[in-house]
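Structural characterization, general
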Amino acid sequence: MKYFVCILGFITFLYSYGMADSYPLGDTKDNLQTYQNPLPSSVIQDFRDIIEQNPKIKQLQLEINSLENRKKAQSKWNNPSFNLAYNSANIQKPLLLGTSDMQNIAFGLSQSIDLNLKSLAQSKVTNVEIEIKILELKNLKNEYMLNLMVSMIESHKNKLILESIKQSLGNLETIFTSLKKSKKFNPIQAQKLKVAEARLKIKQNQIENALNNSHIAISEIDFHKAPQQDYKTDTKHNSHLIDTKYDLFLFPSKEAQDIIMHNTQNDDFIPSLLAQNLELQIARHKIVLAEQKLVFAKKSTLPNFGMNLVYMSRADRSDLFGLGVSVPLPIYGKEQRTIAEAREQKLAQEYGYLSVENKLTHSTKTLLKKFLLLKKNLSVIEENLLPANTAIIDLYKHHSTSQAEGFIEFYNALNEKIDTQILQIQILSEIAMIYWNLQILKGEIL
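Residues numbered from 1 in each chain as written. Predicted model: local features only at pLDDT ≥ 70, side-chain atom pairs only at ≥ 80, totals over all residues. Heavy atoms only, no water.

**A few points about the overall build of the protein**
What counts is decided by this rule: Numbered from the N terminus, helices here are DSSP runs of H or I no shorter than four residues, and strands are runs of E no shorter than two. Note on contacts: a residue pair qualifies if any of its non-hydrogen atoms lie within 4.5 Å across the two residues. For the accessible areas, the method is Shrake-Rupley and the probe is 1.4 Å, while residue cover comes only from the protein chains on display.
Each helix and strand counted, the protein has 11 helices and 4 strands in total. Taking contacts inside the protein between residues at least 6 apart in sequence as the whole, the part at least 24 apart equals 81%. Summed over its atoms, the accessible surface of the protein is roughly 24700 Å², and 56% of this surface lies on carbon and sulfur atoms.

Okay, here's the thing in structure tokens:
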């Protein structure tokens, strides 16, 4: 009879474990053949709709529009000035124009003439600023896209880990029930199980909190209010992006991992990435901007000329007209200092470009090395660790024991496999994040 109780407990537990073997990892890997392909248009549109509502995106777009208007204004000459004057007015009879030869009413026009096409040079400076702003807008959208992807990957990872923890708690409950029915019930082992249960519940709370944080991160991007409900009571209240329909595009299949490895190990991968990187394009444009500012500073050494034309109307005398020219005198050296400043700025931007290029090169190399390490660890898990875990569990299935220690060892063996699956999930999520980080560096997400 004592064996019957133990065997019944094991059968119940094994049924629970058999259900656990339908864990999403296997299905996930089979359903992720499209990982390396572009995101479906419906998914991209969802992301764009969210990102376009971000006030920072709208702010940058308005700044671009503002610069466009500035460029158009700068390409035009300054407006002429109209002057009206009453010269040599007689204090006794101010309205009479015939009291002296100098008395007249004068009408004049003055115009600043851009002899060196400085306005055109200034509009070219603004044009480069517009191009930089456009690149910054694209880069910001990509950063928001990456933040969305990271939040979704974290959410997907934590959902899978949460299922593993719940599975482990179910295993523990089954073992605990079987242990209490055993005639060789061991109170010490029972307390150990309670300690394990408490630790699992703490981990469960942490994962549920991490899920909420993923939802809040998405809400920050689309400027929705952070959710007030708790994940345990409501998993549907947050952004619609936390949805299983997106899970297929988050974790890579083995085939997709091999494609990533093949693509990233080519000698031309990093040069190609640098050529497309938005941050580096911005740095290049900043050099061009500094060059255009230097051109403008040099053109400013030849100042604008002022042309004045005046017509003077007199009473009982011949009317007069006047023609005048005005030009600033560059005697204090301000123009030379402006040129020197522009030269230093150009040199600074060139060093800035080299700094960005160096940072991106080494960041990419770090990501690629980490990817190779994760791929090796994943192979160890799939080829060695998981099969070993499964073999140990199979041995326990066929060599059950009525000893209390046997229950604990069997539970530990099952949990070791769950821990291995959790490690596999974490590695897959890190590989996914590396993939999307590389896509960001290539400027290819949107």
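**Overview of the nonpolar core**
The following threshold applies: For the purposes of this section, nonpolar cores are sets of buried Ala, Val, Leu, Ile, Met, Phe, Trp, Tyr and Cys residues that join through side-chain atoms within 4.5 Å. For the exposure calls, accessible area comes from a 1.4 Å probe over protein chains only, and a residue counts as buried if that area is under 20% of its type's maximum, exposed if over 50%, partly exposed in between.
With 67 residues, the main nonpolar core has Phe47, Leu193, Phe251 and Leu438 as its most contacted residues. Breaking this core down by element, the ones donating at least two residues are helix 3 (41-52), helix 4 (55-74), helix 5 (118-181), helix 6 (187-222), helix 8 (269-276), helix 9 (278-299), helix 10 (334-398) and helix 11 (404-441). When residues in this core are grouped by element, the largest group, 18 residues, is from helix 5. In this structure, Val125, Val128, Leu278 and Ile282 belong to the second largest nonpolar core, which totals 7 residues.

**Some details on the pattern of salt bridges**
Inclusion rule: Salt bridge, as used here: a side-chain nitrogen of Lys or Arg that lies within 4 Å of a carboxyl oxygen of Asp or Glu.
Enumeration over the complete set of coordinates arrives at 10 salt bridges. With a closest N to O distance of 2.7 Å, Lys133 and Glu63 form a salt bridge. Taken together, the residues span a long stretch of sequence, with Lys133 in helix 5 and Glu63 in helix 4 at a distance of 70 residues. The residue Arg70 makes a salt bridge to Glu129 at a minimum N-O spacing of 3.5 Å. You can see Arg70 sitting in helix 4 and its partner Glu129 sitting in helix 5, a full 59 residues away along the chain.

**What about the sheet that holds strand 3 (residues 305-313)?**
Put simply, the rule is: In this analysis, strands are considered paired if DSSP registers two or more bridges between them. Axis geometry follows a simple rule: fit a line to the C-alpha atoms, using only the stretch in contact for helices, then measure angles between N-to-C directions, giving values from 0 to 180 degrees.
Ordered in space as 1-2-3-4, the 4 strands form an open sheet in which the pairing is antiparallel. One side of each edge strand has no neighbouring strand; the edge strands of this open sheet are strand 1 (81-87) and strand 4 (320-326). Taking each pair of neighbouring strands and ignoring which way they run, the sheet shows an average axis angle of 20 degrees. Looking at chain direction, strand 2 (residues 104-113) and strand 3 are connected through 9 bridges and run antiparallel. Within strand 3, the position partnered with Leu109 by the bridge is Leu309.

**A short note on helix 4**
Threshold: A helix is expected to span 1.5 Å multiplied by its residue count minus one. In this description, one arc is meant: the one made by directions from the helix axis to the C-beta atoms. Here a polar contact is taken to be a pair of N or O atoms separated by no more than 3.5 Å, where protein atoms must pair a possible hydrogen donor with a possible acceptor and residues adjacent in sequence count only if both atoms sit in side chains.
Taking 1.5 Å of rise per residue, the 20 residues of helix 4 would be expected to cover 28 Å, and the 28 Å separating its terminal C-alpha atoms lies within 8% of that figure. Ile57, Leu60, Ile64, Leu67 and Gln74 are the residues of helix 4 that are buried. One side of helix 4 holds all its buried residues, which, seen down the axis, span an arc of 105 degrees. Exposed residues on helix 4 whose side chains face more than 90 degrees from its buried face are Leu62, Asn69, Lys72 and Ala73. Between the side-chain oxygen of the N-cap and the backbone nitrogen of Lys56 there are 2.8 Å, and the N-cap of helix 4 in question is Asn54.

**Looking at helix 8**
All of the buried residues along helix 8 are Phe269, Ile270, Leu273 and Leu274. Buried residues of helix 8, viewed axially, fall in a sector of 130 degrees; they line one side.

**Remarks on the packing of helix 8 against helix 9**
Two packed helices can be described by the angle between their axes and the distance between those axes. We apply this condition: Small angles under 35 degrees read as roughly parallel and large ones over 145 as roughly antiparallel, with 65 to 115 read as roughly perpendicular and the rest as oblique. Just so you know the grouping, Ala, Val, Leu, Ile, Met, Phe, Trp, Tyr, Cys and Pro go in nonpolar, Asp, Glu, Lys and Arg go in charged, and all remaining residues, Gly too, go in polar.
It is the contact of helix 8 with helix 9, at a shortest axis distance of 5 Å, that shows an interaxial angle of 60 degrees. With respect to their mutual orientation, helix 8 and helix 9 come out oblique. Facing Leu274, Ala275 and Gln276 of helix 8, the residues of helix 9 in contact are Leu278, Leu280, Gln281 and Arg284. When its residues are assigned to classes, the contact of helix 8 with helix 9 shows 4 nonpolar, 2 polar and 1 charged.

**Thoughts on the confidence of the model for the protein**
In low-pLDDT segments, the atomic positions of the prediction should not be examined closely. Rules: How sure the predictor is of each residue is captured by pLDDT, a score from 0 to 100.
Per-chain confidence: the protein averages 77 in pLDDT, with 76% of residues scoring 70 or above. Every residue in residues 1-38 scores below 50 in pLDDT, and together they form 73 contacts with partners more than four places removed in sequence or on other chains. Across residues 225-244 the pLDDT falls below 50, and counting only partners more than four positions away or on other chains, this stretch makes 42 contacts in the model.

**Quick look at the environment of Thr301**
Mapping Thr301 onto the fold places it in the loop between helix 9 and strand 3. According to the relative accessible area criterion, Thr301 is partly exposed, its value standing at 31%. With sequence-adjacent residues up to four places away left out, Thr301 is seen in contact with Glu335, Gln336 and Ile339. Of the polar contacts made by the side chain of Thr301, one reaches the backbone oxygen of Lys298; its length is 2.5 Å.

**Describing the pairing of strand 2**
Note on strand geometry: in a regular strand, side chains alternate between the two faces of the sheet. In terms of strand pairing, strand 1 meets strand 2 through 7 bridges, oriented antiparallel. Following the sheet pairing, Leu84 is matched in strand 2 by Phe107.

**Thoughts on the pairing of strand 4**
Note that strand 3 and strand 4 share 7 bridges and pair antiparallel. Bridging across to strand 4, Met312 finds its partner in Leu320. The hairpin turn running from strand 3 into strand 4, its antiparallel successor, is 6 residues long, and Asp316 in that turn takes a positive phi close to 60 degrees.

**As for a nonpolar patch on the surface**
Where we set the bar: Patch construction takes residues with relative accessible area above 30% that form no salt bridge. Like charges are linked within 9 Å, and nonpolar side chains (Val, Leu, Ile, Met, Phe, Trp, Tyr) are linked within 5 Å.
Together, Phe82, Leu84, Phe107, Leu109, Met307, Leu309, Tyr311, Phe321, Leu323 and Val325 line one region of the surface with nonpolar side chains, adding up to about 1100 Å² of accessible area. Listing elements by their share of the nonpolar patch, those giving two or more residues are strand 1, strand 2, strand 3 and strand 4. Along the chain, Leu323 falls in strand 4. The exposed category is assigned to Leu323, whose relative accessible area is 64%.

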